[in-house]
Amino acid sequence: MSDLVQEYFDAAVRGLQRVREEEAGRIDEAAELLAGAVAEGRRIFTFGAGHSSLAAQDVVYRAGGLVVINLLNVPGMTGVNVMPAPLGSALERVSGLATATLDLTPARAGDLLFLISLSGRQVMPVELARHARAKGLRVVGVTSLAYPAATTSNHPSGTFLKDNCDVVLDSKIAVGDGELTAPGAETGFGSVSTIVTSALMQAVVAAAIGKLTERGHTPPLFRSGNVDGGTEWNAKVMADNADRIYYAY
């Protein structure tokens, strides 16, 4: 194993250990909001732009996941499938796109939005968080608090995502999102932000499922479609929760 491979895995493990130890209380707060939203029949959405969308998608429509979590799919924002790819970054600076998308969903007061943005500095995540809270939604932000200390906000308010949430989960990712260096490489590389942010989201879901079962609720969960009976199970649980699912109907 090369030194860089070892360094990368070490960096990923350090990141996971740090959020496990330092974010435990806030993970529990976010899980409490999620468990409450599931139990009360609320609508639940996740959103992330660019690579932050990977962690948002990771808890939607997957084995072991809660059936009632929906991806807020803002056009041009889900991953790097938009062409040309820099358009996705440009759209993060456009006012009104995310808020118009949220307004066209059934989201209403009391619902829950997980909003993921590594830097939390662009127009879209800040505007979406502010708009969601104005509509009465609860907002959980997943971001790195290193960025507000080292960068400026691109939102006219001068605020970051962290300033516009009910609960903030700090991914602890360093500014620049590169854990490794090497002679001849002119910038850092080896990102662990997707690993750490996805782990934070999965930890919140796991904790919420535990809270639901402890309170006598049966969490609506997917089974793997790759095991016998999984497809039939998923069809039934989706039909049972169709009024809160927006990715299939």
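On a predicted model such as this, the values are computed, not experimentally measured, just so you know.

**Student:** Before we go on, may I ask you to explain the sheet that holds strand 4 (residues 138-143) in this structure?
**Tutor:** Either a parallel or an antiparallel arrangement is found when strands of a sheet pair, and the pairing is made through backbone hydrogen bonds. The five strands lie next to each other as 2-1-3-4-5, forming an open sheet whose pairing is parallel. Of all strands in the sheet, those with a lone pairing partner are strand 2 (69-71) and strand 5 (167-170), marking the two edges. Recorded for the sheet is a direction-independent mean angle of 20° between the axes of neighbouring strands. Bridge count for strand 3 (residues 112-116) against strand 4 is five bridges, and the pairing is parallel. Within strand 4, the position partnered with Leu113 by the bridge is Val139. Contacts from helix 2 (residues 24-39) reach strand 1 (44-48), strand 3, strand 4 and strand 5 within the one sheet, and its direction differs from that of strand 5 by about 130°. Contacts between helix 6 (residues 123-134) and the sheet are confined to strand 1, strand 3 and strand 4, with strand 3 contributing the most and set at about 165° to the helix.

**Student:** Any chance you could explain the pairing of strand 4 here in plain terms?
**Tutor:** Residues in a regular strand point their side chains to alternate faces of the sheet. Burial within strand 4 is extensive, with five of its six residues counted as buried. With four bridges joining them, strand 4 and strand 5 adopt parallel strand pairing. Looking at strand 5, one finds that Val140 is bridged to Val167.

**Student:** Just checking my understanding: could you explain the packing of aromatic side chains for this structure?
**Tutor:** In this description, an aromatic ring pair is defined by two values, namely the gap between the centres and the angle between the planes. All told, the structure shown has four aromatic pairs when counted by the stated rule. Ring geometry for Phe45 against Tyr246: centres 5.9 Å apart, planes inclined by 10°, an arrangement best described as stacked. Of the two residues, Phe45 is situated in strand 1 and Tyr246 in the segment after helix 9 (230-240); the sequence distance between them amounts to 201 residues. Note on Phe45: relative accessible area 2%, which makes it buried. Assessed through its relative accessible area of 30%, Tyr246 is described here as partly exposed. Seen from their ring centres, Tyr61 and Phe222 are 5.2 Å apart, and the 90° between their planes marks the pair as edge-to-face. With Tyr61 in the loop between helix 3 (52-57) and strand 2 and Phe222 in the loop between helix 8 (193-214) and helix 9, the pair connects residues that are 161 residues apart, well separated along the chain. Overall, the relative accessible area of 53% leaves Tyr61 in the exposed class.

Parameters and conventions
- Residues numbered from 1 in each chain as written.
- Predicted model: local features only at pLDDT ≥ 70, side-chain atom pairs only at ≥ 80, totals over all residues.
- Heavy atoms only, no water.
- Pairing = 2+ DSSP bridges.
- Helix = DSSP H or I, 4+ residues; strand = E, 2+ residues; numbered from the N terminus.
- Axes fitted to C-alpha atoms, helices over the stretch in contact; angles between N-to-C directions.
- Contact = heavy atoms within 4.5 Å.
- Buried < 20%, exposed > 50% of the residue type's maximum accessible area, 1.4 Å probe, protein only.
- Phe/Tyr/Trp six-rings, centres within 6.5 Å; stacked < 30°, edge-to-face > 60°.

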